[in-house]
Amino acid sequence: MVTTGHATVEGIRPRECRAPDPMSPIAAEAVLDTDTIAPKLLRWYDRHRRILPWRAKPGETPDAYRVWLSEIMLQQTTVATVGAYFDRFVARFPTVEALANASLDDVLHAWQGLGYYARARNLHACARAVMAEHGGRFPGTVEGLRALPGIGAYTAAAIAAIAFDRKAAAVDGNVERVVARLFAVEAPLPAAKAELRHLTGTLVPDRRAGDFAQALMDLGAAVCTPRAPRCILCPIGDSCRGRGLGLAETLPRRRAKAARPTRRGIAFWAVRPDGSVLLRRRPEQGLLGGMVEVPSTEWQEKAISESAARKEAPVRASWVRLPGTVRHAFTHFNLELAVLAGETDAKTKTSAGDWVPLDRLSEQALPTVMKKVVNHALGVARRSRR
Ligand code: SF4
């Protein structure tokens, strides 16, 4: 018998206010036979699997480097976005050895646009650890993978299953959704995570664990979608308790999120007469660690006044506030940056950063928020020349 968030599966009853799916043959009292799920899902996967750049074709042996790389890229980023990046990245760093031998700057540069740059730094550190500690081969167990930089519980399980066919339950947001619906788990996330991981583990078959993990991912992406799940097409629909109870679309439940705070700051767009601009590198640790940025005041919820900001300017200049605001959404906060622009004289020296010619900006590891600042400053300058 399998337990769910509020009751055993056997004990679930449809609530009066919800209409059970009349097309679903599942009775509310029926026990979910977990042994039948994997065979049905694998049969479906053999016919409907997605073709993805990092995925081994049927009969091919998966390449752990590509599996690992794709799993890191797919953290916080959609399959559609990762596709083109993945091909470019692998063309530039075709093996874990090539990645380990590259400079961190090169890796950050190749990562531009994918965001969450801590991933790129960990990627580089992980490649070096695989070369130094494992002779260039990824360990094939969940425990061995988890000991590497940047590899958490989900990623370790996904790599172990997909690259090494280990019987491991890889549970990301898509899988949580499918499993919450399949077992009609009504306990809200994130509290229900441990239970959903346990329930997923009850489904993983002894053979083809990697295909099963990918089948669950594909089902979540194509059929058991967040809105309007396509239950009529679902290969496990006849076993699905969420569907039977008319709850599918309402699951998984989530605890209400706190509103995202807004932080504010003032960026300094300092330009020398030769057209070069002042950039600096952020500290290695923390948000956007190791990335290049336009200098700014600290980002904080209490807005700083322009006069106070001028005292923090990295160089002497007559600063002028540019019209408009640069906005960017991070996971945990929204950012609003005002921009002060100032021209310095040709001899201005500073230890606050490096002067970079405008035509070499594209070579810098600028995160998306800083590209917005650059585009904003250049856009204002262009408009004022017209
Ligand atoms: Fe259940 Fe429908 Fe999701 Fe299939 S698509 S697992 S039937 S909710």
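Above: the structure in question.
Source: prediction; values computed, not measured. (Residues numbered from 1 in each chain as written. Predicted model: local features only at pLDDT ≥ 70, side-chain atom pairs only at ≥ 80, totals over all residues. Heavy atoms only, no water.)

Colleague: So what's going on with the overall build of the protein? Residues and values would help.
Modeller: Broken down by element type, the protein carries 14 helices and seven strands. Considered along the principal axes of its C-alpha atoms, the protein spans approximately 80 × 55 × 35 Å. For the protein, with 386 residues in total, the buried portion stands at 50%. Within the protein, contacts between residues at least 6 apart in sequence are counted, and of these 69% link residues at least 24 apart. Approximately 19,300 Å² of the protein is accessible, and the part contributed by carbon and sulfur atoms is 51%. Measuring between centres, the 56 positive side-chain charges of the protein sit 5 Å from its 39 negative side-chain charges. (Helix = DSSP H or I, 4+ residues; strand = E, 2+ residues; numbered from the N terminus. Buried < 20%, exposed > 50% of the residue type's maximum accessible area, 1.4 Å probe, protein only. Contact = heavy atoms within 4.5 Å. Areas by Shrake-Rupley, 256 points an atom, 1.4 Å probe, with all protein chains shown as cover. Lys, Arg positive; Asp, Glu negative; His and termini not counted. Charge placed at Lys NZ, Arg CZ, Asp CG, Glu CD.)

Colleague: Quick one: what's the story with the nonpolar core, residue by residue and with numbers?
Modeller: Ranked by size, the top nonpolar core spans 76 residues in total, and within it W68, F89, F138 and W269 carry the most contacts. The leading source of residues in this core is helix α8 (residues 153-164), at nine residues. If we ignore the near neighbours within four places in the chain, the residues touching W68 are L99, L123, C126, A127, F138, I151 and I159. Counting residues in each nonpolar core, the second largest holds 32 residues, with I37, L41, W44 and L199 among its members. (Core = buried A, V, L, I, M, F, W, Y, C linked by side-chain atoms within 4.5 Å.)

Colleague: How would you explain the site of the ligand if you had to name every residue and give the values?
Modeller: Every residue near the ligand is listed here: R181, V223, C224, C231, C234, G237, C240, R243 and A248. Across the shell around the ligand, the residue classes tally to six nonpolar, one polar and two charged. (Near = heavy atom within 4 Å. Nonpolar A, V, L, I, M, F, W, Y, C, P; charged D, E, K, R; others polar.)

Colleague: Help me get a handle on the pairing of strand β6 (residues 334-343), residues and values and all.
Modeller: Counting buried positions along β6 yields seven of ten residues, so the element is predominantly enclosed. One ladder, built from ten bridges, connects strand β1 (residues 262-271) with β6; its direction is parallel. Across the sheet, A267 pairs through a bridge with V339, a residue of β6. The pairing of strand β4 (residues 320-321) with β6 spans two bridges and is classified as antiparallel. Following the sheet pairing, R321 is matched in β6 by L340. Taken together, the four bridges between strand β5 (residues 326-329) and β6 define a ladder with antiparallel strand orientation. Looking at the pairing, V326 lines up with L337 of β6. Hairpin connection from β5 to β6: four residues lie between these consecutive antiparallel strands. (Pairing = 2+ DSSP bridges.)

Colleague: I'd like to hear about helix α3 (residues 79-92), residue by residue, with values.
Modeller: For α3, spanning 14 residues, the distance from its first C-alpha to its last is 20 Å, which sits close to the expected 20 Å at 1.5 Å a residue. Burial in α3 covers these residues: V82, G83, Y85, F86, F89 and V90. Where α3 is buried, its residues contact α2 (64-74), α4 (96-101), α5 (104-111) and α6 (118-134). (Expected span 1.5 Å × (residues − 1).)

Colleague: Run through the environment of D354, naming residues and quoting values.
Modeller: Among the structural elements, D354 can be located in strand β7 (residues 354-356). Linking D354 and I51, residues 303 residues apart in sequence, is a C-alpha distance of 44 Å. Look past the residues within four positions of D354 in its chain and what remains in contact with it is V277, L278 and L279.

Colleague: How would you summarise the packing of aromatic side chains if you had to cite specific residues and measurements?
Modeller: Enumeration according to the criterion identifies eight aromatic pairs in this entry. Ring centres of W68 and F138 lie 5.0 Å apart, and the angle between their planes is 45°; on these two criteria the pair is classed as tilted. You can see W68 sitting in helix α2 and its partner F138 sitting in the loop between α6 and α7 (142-146), a full 70 residues away along the chain. An identical accessibility class is assigned to W68 and F138; each is buried. Between F89 and F93, the ring centres sit 4.9 Å apart and the planes meet at 55°, which makes this aromatic pair tilted. (Phe/Tyr/Trp six-rings, centres within 6.5 Å; stacked < 30°, edge-to-face > 60°.)

Colleague: Describe in detail the pattern of salt bridges, supporting the description with residues and values.
Modeller: Summed over all chains, the structure comprises 18 salt bridges. Among the ionic pairs, D105 bridges to R281, the shortest N-O distance being 3.0 Å. Of this pair, D105 sits in helix α5 while R281 sits in strand β2 (residues 277-281), and the two are 176 residues apart along the sequence. What makes R281 partly exposed here is its relative accessible area of 41%. When the shortest N-O distance is used, the salt bridge between R264 and E336 registers 3.6 Å. In this pair, R264 is assigned in strand β1 and E336 in strand β6, connecting sequence segments 72 residues apart. R264 gets classed as partly exposed once you look at its relative accessible area, which sits at 30%. A relative accessible area of 24% places E336 in the partly exposed class. A single network of salt bridges, built from pairs that share partners, joins D46, R208 and D211. (Salt bridge = Lys/Arg side-chain N within 4 Å of Asp/Glu carboxyl O.)

Colleague: How would you sum up the side chain of D218? Please name residues and give values.
Modeller: Tracing the backbone through its elements, the reader meets D218 in helix α11 (residues 209-222). Apart from the residues lying within four places of it in its own chain, the contact partners of D218 are W44, Y45, R49, R50, R55 and V223.

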